[in-house]
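Here's the letter readout for the chains.
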Amino acid sequence: MNTIDNNDFMILNSIIYKIYTNPDFLAMRKELLEQLKMIIDFDSAEFHLSKGDGSISLTSSVSYNKNASVDFSQVYENIDYSQGILSTGKSMVYRETDIISDKKRMETEYYKNVYEVNNWHYSLQLVLGHNERFLGVITFYRDKEKDDFKYSDVFKVQLIKDHLAYRIYQEQENSTKSGDKISIQEAVELYGLTKRESDILELLISGYSNKEICDQIVIANNTLKKHILNIYRKLDIKNRVQLFRMIKEN
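To start, this report covers the structure provided alongside it.

Calculation rules
- Residues numbered from 1 in each chain as written.
- Predicted model: local features only at pLDDT ≥ 70, side-chain atom pairs only at ≥ 80, totals over all residues.
- Heavy atoms only, no water.
- Salt bridge = Lys/Arg side-chain N within 4 Å of Asp/Glu carboxyl O.
- Buried < 20%, exposed > 50% of the residue type's maximum accessible area, 1.4 Å probe, protein only.
- Helix = DSSP H or I, 4+ residues; strand = E, 2+ residues; numbered from the N terminus.
- Core = buried A, V, L, I, M, F, W, Y, C linked by side-chain atoms within 4.5 Å.
- Contact = heavy atoms within 4.5 Å.
- Pairing = 2+ DSSP bridges.

**Thoughts on the pattern of salt bridges**
Piece 1. One pass over the structure, following the stated rule, counts 15 salt bridges.
Piece 2. Measuring nitrogen to oxygen at the nearest pair gives 3.1 Å for the salt bridge that ties R95 to D98.
Piece 3. R95 gets classed as buried once you look at its relative accessible area, which sits at 12%.
Piece 4. Overall, D98 belongs to the partly exposed group, its relative accessible area being 37%.
Piece 5. Between R167 and E171 there is a salt bridge whose closest N-O contact spans 3.0 Å. Taken together, the residues span about one helical turn, with R167 and E171 both in helix 7 (residues 151-176) at a distance of 4 residues. The residues R167 and E171 share a single accessibility class, namely buried.
Piece 6. Here the salt bridges do not stand alone but share partners, grouping K37, D41, D43 and K146 into one network.

Quick look at the structure:
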C-alpha cells in the first residue's frame, strides 16, 4: 500500500495549490521542480512542453541542475519505446526500467548520448496529457552511484499529474483561443524564452531593425541572428511575418 508521511503530504498540497494559483506559468514550472526535490531524490530534471500541435515535438525547457549539452527537445522524438507512450494523450508516471530492461537500455544510443555522458543511470518519467492531447514530459534523473527510483516516488508524482496536466492544457487553450495573439510575457512563459531572447523579442515586435537592435543591446549581428533563430525555433515559426501574426504589440 502506498503511503506518504505528513511532511510530504503538506509539500504535495503546496505544490498542487501553486500549480493552480501561480499566475506566472514559467515560475510555477521552475518552482515545481524545486519543491519536488524536497520529497523525491533526483539529481537533475528536464521539464518540456509540447508544441500544442498534436505531435510529440517538444519545446520550452525548464531544468533543474542541468549540466548537459544535449538538446532534449529532439531526444524524445527519437526514442522508439517512448513515442507510443507520449502519443496516447494520457498522463502517466513510470520508471524507465519498468518498460525496458536495464541491460537493453544501456546498449541504446539514447543511453550512451544522454545518460552516460552525464553520469546518470536511472530515470522517472512524468508524461502529461489531457483530452487525448500530449502536453509535455518531465524526466527526473539519478546519478550512477544511486539506486533506482522507488514505487513511492512514482506514487507521489501520480498525485500531481492530473493537476499539472490540466493547468498546462488551460494555458495552451488560452494562448490559441479564437486565434488570438499572445503577449510577449505569455510567449516568454509558454515557450521558455531567456531574458536576452525576451528583450530581443520586444525590440523585434516594436519594429526595430537588426542593426538598431545590435546597437541598442550592444551585440554582434551574428550573435543577434543566433538569438532570433532560437526564438523562431522555440515559437515554431520561420520568419518575422509569422512572428507578428503570433505576438501582439505592447
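**Structural notes on the nonpolar core**
Piece 1. The biggest cluster of nonpolar side chains holds 59 residues, and the ones touching the most others in it are F47, F140, L164 and I247.
Piece 2. Per-element accounting of this core gives the leading share, 7 residues, to helix 7.
Piece 3. In contact with L164, not counting residues within four places along its chain, are I19, M28, L32, F47, L126, L128 and I138.
Piece 4. Ranked by size, the runner-up nonpolar core spans 8 residues in total, among them L58, I85, L86 and Y94.

**So, the pairing of strand 5 (residues 133-143)**
On any regular strand, side chains alternate: one points to one face of the sheet, the next to the other face.
Piece 1. Here strand 5 lies mainly inside the structure; 11 of its 11 residues are buried.
Piece 2. Summarising the sheet, strand 1 (residues 44-50) and strand 5 pair through 6 bridges and their orientation is antiparallel. Note that in strand 5 the partner of S44 across the bridge is Y141.

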